[in-house]
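A closer look at the structure
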Amino acid sequence: MAFIGILFVLGVVVLLIASMWKLYEMAGKPGWASIVPIYNQLTLLEIVGKPWWWILLMIIPYVGMIWGIWALNLFVKSFGKSEGYTIGCLLLPFIFLPMLAFSKDTQFIGLNGAPAAARVDSNDDLLDDPI
């Protein structure tokens, strides 16, 4: 009976690794980066456009959970999903991450869910406004 449980857990772990591998590749990063400890978080922060020192905030007990959830939310938004999908990824990652990774309509749309052209246009508007 324990052997069946171990196989089930191993299957879920392989499914999650394959999902993150595919998502990293969709974002233009190497898939193997998703399995290397610490480097996977640095790569995720690159994908969502946040500075490397956010990883230091993520290791603070209790407070780090907030930064980790925020980074996950930005990651999910980078693929065009909403906050509801982030909650799904938090509570049932073995269902929602494979749905995100292997869905035919999932595309990497840019940092925090905004296409590059939209980010540039919004920054230009900020520069033109007098203070």
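Because the structure is a prediction, the values reported are computed rather than measured.

**A closer look at the pattern of salt bridges**
Enumeration according to the criterion identifies 2 salt bridges in this entry. A salt bridge links Glu46 to Lys29; the nearest nitrogen and oxygen atoms lie 2.8 Å apart. Highlighted residues: Glu46 in helix α2 (residues 39–48) and Lys29 in the loop between α1 (2–26) and α2, separated in sequence by 17 residues. Judged by its relative accessible area of 46%, Glu46 is partly exposed. One salt bridge in this structure joins Glu83 and Lys77, with 2.7 Å as the shortest N-O distance. On the basis of relative accessibility, which here comes to 41%, the residue Glu83 falls in the partly exposed class.

**Concerning the side chain of Ser19**
Tracing the backbone shows Ser19 in helix α1. Overall, Ser19 belongs to the buried group, its relative accessible area being 0%. Leave out the neighbours within four places in its chain, and Ser19 touches Leu97, Pro98, Ala101 and Phe102.

What counts, and at which threshold
Sequence order as written defines residue numbering, which begins from 1 separately in each chain. Side-chain atom pairs in this predicted model are given and counted only at pLDDT of 80 or more, local residue features only at pLDDT of at least 70, and totals for whole chains, interfaces and linings cover all residues. Remark: hydrogens and water are excluded; side-chain values derive from all non-hydrogen atoms of the structure. Take a side-chain nitrogen of Lys or Arg and a carboxyl oxygen of Asp or Glu: if they are within 4 Å of each other, that pair is a salt bridge. We count a stretch as a helix when DSSP gives it H or I for four or more residues in a row; a strand needs E for two or more, and each element gets its number in order from the N terminus. For every residue, the accessible area (1.4 Å probe, protein chains only) is compared with the maximum for its type, and the residue is labelled buried under 20%, exposed over 50%, or partly exposed between those bounds. Whether two residues are in contact is decided by their heavy atoms, any of which lying within 4.5 Å being enough.

Everything listed is a geometric property; what it means functionally is a separate question.
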